[in-house]
Amino acid sequence: MKAAVINEYGQVGDVVTVTEVPTPTVGPRDVLIEARAAGVNPVDHLIVKGFMSPGPLAQPLVIGSEVAGVVTAVGAEVTDLAVGDEVFARVDPRVGGAFAEYVAVDRSLVAAKPQTLSFEEAASLPLVGLTAWQALTEQSQVGPGTRILIHGGAGGVGSVAVQLAKHLGAEVVATAGGDGVDLVRKLGADQVVDYRTEQFDEVLSDIDVVFDTVGGATQDRSFRVLKPGGTLVSIVPIADAEAKKAEWNVDARAFMMRPHGEQLTRLASLVASSELQPLLETTFPLDGTADALQKVERGGARGKTVIRIPA
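This write-up is about the structure you can find in this document. (Residues numbered from 1 in each chain as written. Predicted model: local features only at pLDDT ≥ 70, side-chain atom pairs only at ≥ 80, totals over all residues. Heavy atoms only, no water.)

From N to C terminus, the chain includes eleven helices and 16 strands. Relative to the compact-globule value of 19 Å for 311 residues, the chain shows a C-alpha radius of gyration of 19 Å, a close match. In the chain, which comprises 311 residues, the share counted as buried stands at 56%. Nonlocal contacts in the chain, meaning residues at least 24 apart in sequence, comprise 66% of its contacts between residues at least 6 apart. Accessible surface for the chain amounts to roughly 12900 Å². Of this, 49% is attributable to carbon and sulfur atoms. Distance from the positive charge centre (26 side chains) to the negative charge centre (39 side chains) of the chain: 3 Å. (Helix = DSSP H or I, 4+ residues; strand = E, 2+ residues; numbered from the N terminus. Rg over C-alpha atoms; globule rule 2.2 N^0.38 Å. Buried < 20%, exposed > 50% of the residue type's maximum accessible area, 1.4 Å probe, protein only. Contact = heavy atoms within 4.5 Å. Areas by Shrake-Rupley, 256 points an atom, 1.4 Å probe, with all protein chains shown as cover. Lys, Arg positive; Asp, Glu negative; His and termini not counted. Charge placed at Lys NZ, Arg CZ, Asp CG, Glu CD.)

This is how it looks when you write it as structure tokens:
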């Protein structure tokens, strides 16, 4: 089968190639998915460059974090999925393998693909959807009466977080710029701060929860807008977290999303009820994986980048 692989860590354009590799074997708890699309995420180019590692570097290492496709085989212990089922998944980050024509995934990480979504749309959802869901329901308790600030509201994670926060009953404030401002309003944000013309920490206060998808100075300034006892949740490491928690009398935590098939099923139900729609920006063919990774690395996207994988 064809797959996008790295043989050594380094610059994306130098080390990512599409080549023939063996089709994955199917363990007793596995589902073999004929991939139709795979989502591209910042974590993927971080792995390519060696800033993050899924484990010892196999030769070659097939990369990729999330996939949508059709079941072509199931392990002996899998009884609730069958050949021909359309599914999507966030693959085990220790294994990767989504940028390939076939992907073997543990059954616990797989969910039925929402029927209203294309394979490309479905492939764009698992990582950002699970990240947003866990940030809002596990790392914080967003619900009616919560006033939440979501940074990067037009990005992959932020655009899903805006919709999920509205579903949970929160008052949603988001930051965005350019045409992202109108986009985030359409997604349901009650207030959008245009970071090109306003400083969010000068116009906002009394925020219960900040969901930080940006880091850096944006993260540092976010402590100023939290009310005492509020919570900052970040997907970017927090420098001097304990000191900042004490200084501002707030909670602050960074976390890594974990794959979770049951939560994916919950997200699929929200898609079915029209409360959640993934935001797809650009697609690339499998042979263009290096270009897709470089696009994501540049940032500034309005939604997700996805790789198309022919049946």
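What the three strands build is an open sheet, ordered S2-S1-S4; its pairing is antiparallel. The open sheet is flanked by strand S2 (16–20) and strand S4 (61–62), the only strands paired with a single partner. (Pairing = 2+ DSSP bridges.)

A word on the nonpolar core. Of all hydrophobic cores here, the largest spans 84 residues; its most connected members are Val 16, Ile 63, Phe 99, Ile 148, Leu 164 and Phe 211. Excluding its chain neighbours within four sequence positions, the residues that come into contact with Leu 164 are Gly 129, Ala 132, Trp 133, Leu 136, Leu 267, Leu 270 and Leu 276. Ranked by size, the runner-up nonpolar core spans 15 residues in total, among them Leu 204, Val 210, Leu 232 and Ala 241. (Core = buried A, V, L, I, M, F, W, Y, C linked by side-chain atoms within 4.5 Å.)

So, about the sheet that holds strand S10 (residues 171–176). Read across the sheet, six strands follow the order S11-S10-S9-S12-S13-S14 without closing on themselves; strand pairing throughout is parallel. Looking along the sheet, the strands with just one partner apiece sit at the ends: strand S11 (191–194) and strand S14 (251–254). When strand polarity is set aside, the average angle formed by the axes of neighbouring strands in this sheet is 15 degrees. Of the strand pairs in this sheet, strand S13 (residues 226–234) and S14 are connected by four bridges, and their pairing is parallel. Across the sheet, the residue bridging to Leu 232 is Ala 252, located in S14. Each of strand S9 (147–150), S10 and strand S12 (207–212) touches helix H5 (residues 156–167); the most contacted strand, S9, lies at about 170 degrees to it. (Axes fitted to C-alpha atoms, helices over the stretch in contact; angles between N-to-C directions.)

Structurally, the position occupied by Thr 305 is in strand S16 (residues 304–308). Its relative accessible area of 2% is what places Thr 305 among the buried residues. When near neighbours in sequence (up to four residues on either side) are disregarded, Thr 305 contacts Gly 39, Val 40, Glu 281, Thr 282, Phe 284, Ala 292, Lys 295 and Val 296.

Moving on, we get to the packing of helix H4 (residues 126–137) against H5. Relative orientation of the contacting elements H4 and H5 amounts to 45 degrees, with a least axis distance of 8 Å. Overall, the two elements H4 and H5 adopt an arrangement that is oblique. Crossing of H4 against H5: the hand is right-handed. Between H4 and H5, the contacting residues are Val 128, Gly 129, Thr 131, Ala 132, Trp 133 and Leu 136 on the first element and Gly 156, Val 157, Val 160, Ala 161, Leu 164, Ala 165 and His 167 on the second. Partitioned by chemical class, the residues of the contact of H4 with H5 number nine nonpolar, four polar and no charged. (Parallel < 35°, antiparallel > 145°, perpendicular 65-115°, else oblique. Left-handed = near helix turned anticlockwise from the far one by under 90°. Nonpolar A, V, L, I, M, F, W, Y, C, P; charged D, E, K, R; others polar.)

Turning next to the pattern of salt bridges. Taken as a whole and assessed by the stated rule, the structure comprises 19 salt bridges. With a closest N to O distance of 2.8 Å, Lys 244 and Asp 220 form a salt bridge. Residue Lys 244 is located in helix H9 (residues 241–248), and its partner Asp 220 is located in helix H8 (residues 216–222); the two are separated by 24 residues in the primary sequence. Put simply, Lys 245 and Asp 251 hold a salt bridge, and the shortest N to O gap is 3.9 Å. A single network of salt bridges, built from pairs that share partners, joins Glu 242, Lys 245, Asp 251 and Arg 253. (Salt bridge = Lys/Arg side-chain N within 4 Å of Asp/Glu carboxyl O.)

With the rule as written, the count across this model stands at zero aromatic pairs. Above the ring of Phe 119, the side-chain terminus of Arg 36 is found at 5.4 Å from the ring centroid. (Phe/Tyr/Trp six-rings, centres within 6.5 Å; stacked < 30°, edge-to-face > 60°. Lys NZ or Arg CZ within 6 Å of the ring centre and 35° of its normal.)

For helix H6 (residues 180–187), the set of buried residues is Gly 180, Val 181, Val 184 and Leu 187. Viewed end-on, H6 has its buried residues packed into an arc of 120 degrees, placing them on one side of the element. Of the residues one or two after H6, Gly 188 is the one with positive phi, at around 120 degrees. (Arc of directions from axis to C-beta.)

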